Amino acid sequence: MKTPRYEVGDIVRVKTLDELRRDLGEAMVTPCHFVEGMYEFCGQCLEVIGVYDVYDSDENFCYALQGGGSWNFDECVLDDFFITDEPQPDISNISMNYESLF
């Protein structure tokens with residue numbers, strides 16, 4: 001019996017459309033279906049608020065996400081969200097000199 005990858009309280013990222021097409025093919029077929037109304041959530045990081053068996057299957061799970069409307073998102077359309085302790089580069093003082101490009 002497979003266990004869900006995510007639990008209530010986890011922060012997940014909905015994959016981008018490009019990632020979904022790469023991983024699932026152009027039709028983006030998933031057990032619960034990924035439909036056009038869900039596209040607006042692509043790339044967003046949201047909190048898991050519910051975990052459900054897909055059609056009473058022990059192999060597939062879907063997730064309700066805080067701020068994700070009334071949609072349930074299949075595990076295959078979600079990705080881990082990592083918070084890193086690595087310092088991010090300070091780019092605030094970088095200037096672009098476009099004239100030197102021509």
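Look up a bit, the structure's there.
Rules used throughout
- Residues numbered from 1 in each chain as written.
- Predicted model: local features only at pLDDT ≥ 70, side-chain atom pairs only at ≥ 80, totals over all residues.
- Heavy atoms only, no water.
- Helix = DSSP H or I, 4+ residues; strand = E, 2+ residues; numbered from the N terminus.
- Buried < 20%, exposed > 50% of the residue type's maximum accessible area, 1.4 Å probe, protein only.
- Polar contact = N/O pair within 3.5 Å; in protein donor to acceptor, adjacent residues only side chain to side chain.
- Core = buried A, V, L, I, M, F, W, Y, C linked by side-chain atoms within 4.5 Å.
- Contact = heavy atoms within 4.5 Å.

A.B. asks: Would you explain the environment of E26 in this entry?
C.D. replies: With respect to the helices and strands, the residue E26 is situated in the loop between α1 (17-24) and β2 (45-53). Using a relative accessible area of 60% as the deciding quantity, one classes E26 as exposed. A polar contact of 3.1 Å, which involves the side chain of E26, links it to the side chain of R21.

A.B. asks: How should I be thinking about the nonpolar core in this particular structure?
C.D. replies: What tends to happen in soluble globular proteins is that the nonpolar side chains get buried as a cluster. V14, F34, Y63, L65, F73 and L78 are the most contacted members of the largest nonpolar core, which totals 17 residues. Elements with a minimum of two residues in this core: β1 (11-14), β2 and β3 (61-65). Take this core: its biggest share by element is 3 residues, from β3. Residues within four places of Y63 in sequence aside, it is in contact with P4, R5, Y6, V48, G50, V51, W71, N72, F73, E75 and L78.

Shape is all these values report; function is a separate question.
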